[in-house]
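Residue strings, one per chain:
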Amino acid sequence: MAKKRPNIVDILIIVVIVALCAVAVLKFGVVNKEESAGVDASAEQRTYTAFIDEVRMATVNALHEGDKIFDEKTGICLGTITKVDYKPFMKNVLQNDGTITAVEFPDYYSVTLTIEGPVIEKEEGYFAEGIVEMKANSEMNVATKYAKPVMKITSIQE
């Protein structure tokens, strides 16, 4: 049998595969360790307030103190619920005489959550785990163990 010697195409394929492996090890092994070390060092425990509007009593009962709350899109933990307050949902209704009156909307509630979690303050704003941006008055889909509401962050304490 004749010996098969590698040609230039075989050598190029091997070089490309080795280069891709080296880049993957560098990116996922070295760079992410440096980034995560920086994130952990600057994270501070902050308390912030969130608002959930127009939910039924089943959702109110599903939100417990001590439950962790996660961003539904990324799965990152935003913190732990420390306080749950609720009150009847009030809706503005136009009356026959042209005035607007706040009326209690039956079987619906407004929930105010107090959440404590690791928040990183950067030049661009506040971030949970360095990834999920937390802006005042922006809505975000969240999930707890028992509920998946849409919440609006109203304030972040210093």
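Just so it is clear, the structure is predicted and the values come from calculations on it, not from any experiment.

(A) Just the pairing of strand E7 (residues 139-143), in detail. Sheet analysis places strand E2 (residues 68-71) next to E7, joined by 2 bridges and oriented antiparallel. If you follow Asp-71 over to E7, its bridge partner there is Val-142. For E7 and strand E8 (residues 150-156), the ladder comprises 3 bridges, and the chain directions are antiparallel. Following the sheet pairing, Asn-141 is matched in E8 by Val-150. Here E7 hands over to E8 after 6 residues, the two strands then running antiparallel side by side.

(B) Spatial organisation of the packing of aromatic side chains. This structure, assessed with the given rule, holds 3 aromatic pairs. Ring geometry for Phe-89 versus Phe-105: centroids 5.9 Å apart, planes at 85 degrees, classification edge-to-face. Of the two residues, Phe-89 sits in strand E3 (residues 77-94) while Phe-105 sits in strand E4 (residues 100-122), which places them 16 residues apart along the sequence. When the ring of Phe-105 is compared with that of Tyr-108, the centres are 5.2 Å apart and the planes differ by 40 degrees; the resulting orientation is tilted. For Tyr-108, a relative accessible area of 19% corresponds to the buried category. An aromatic cluster of at least three residues, connected via ring pairs, comprises Phe-89, Phe-105 and Tyr-108. The ring of Phe-127 is capped by Lys-122, whose NZ or CZ atom sits 5.0 Å from the centre of that ring.

(C) Expanded view of the nonpolar core. Among the nonpolar cores identified, the biggest contains 27 residues, and Leu-78, Leu-113 and Met-151 are the most heavily contacted of them. Those elements that place two or more of their residues in this core are strand E1 (44-55), helix H2 (57-62), E3, E4, strand E5 (125-128), strand E6 (132-134), E7 and E8. By residue number, the principal contributor to this core is E4, which donates 5 residues. Residues contacting Leu-78, with those up to four places away along its chain left out, are Tyr-48, Ile-69, Phe-70, Asp-71, Ile-115, Gly-117, Ala-128, Val-132, Met-140, Val-142 and Met-151.

(D) Looking closely at the confidence of the model for the protein chain. On average, residues of the protein chain score 86 in pLDDT, and 91% of them are at 70 or above. For the protein chain, helix H1 (residues 8-42) is the element with the lowest average pLDDT, namely 74, and E2 is the one with the highest, namely 94. Note on residues 37-41: pLDDT is under 50 here. Beyond four places in sequence and across chains, it has 3 contacts.

(E) How the structure looks around the side chain of Thr-49. Within the element layout of this structure, Thr-49 appears in strand E1. Apart from the residues lying within four places of it in its own chain, the contact partners of Thr-49 are Thr-112, Leu-113, Lys-152, Ile-153, Thr-154, Ser-155 and Gln-157.

The rules we used
- Residues numbered from 1 in each chain as written.
- Predicted model: local features only at pLDDT ≥ 70, side-chain atom pairs only at ≥ 80, totals over all residues.
- Heavy atoms only, no water.
- Pairing = 2+ DSSP bridges.
- Helix = DSSP H or I, 4+ residues; strand = E, 2+ residues; numbered from the N terminus.
- Phe/Tyr/Trp six-rings, centres within 6.5 Å; stacked < 30°, edge-to-face > 60°.
- Buried < 20%, exposed > 50% of the residue type's maximum accessible area, 1.4 Å probe, protein only.
- Lys NZ or Arg CZ within 6 Å of the ring centre and 35° of its normal.
- Core = buried A, V, L, I, M, F, W, Y, C linked by side-chain atoms within 4.5 Å.
- Contact = heavy atoms within 4.5 Å.
- pLDDT = per-residue confidence, 0-100.

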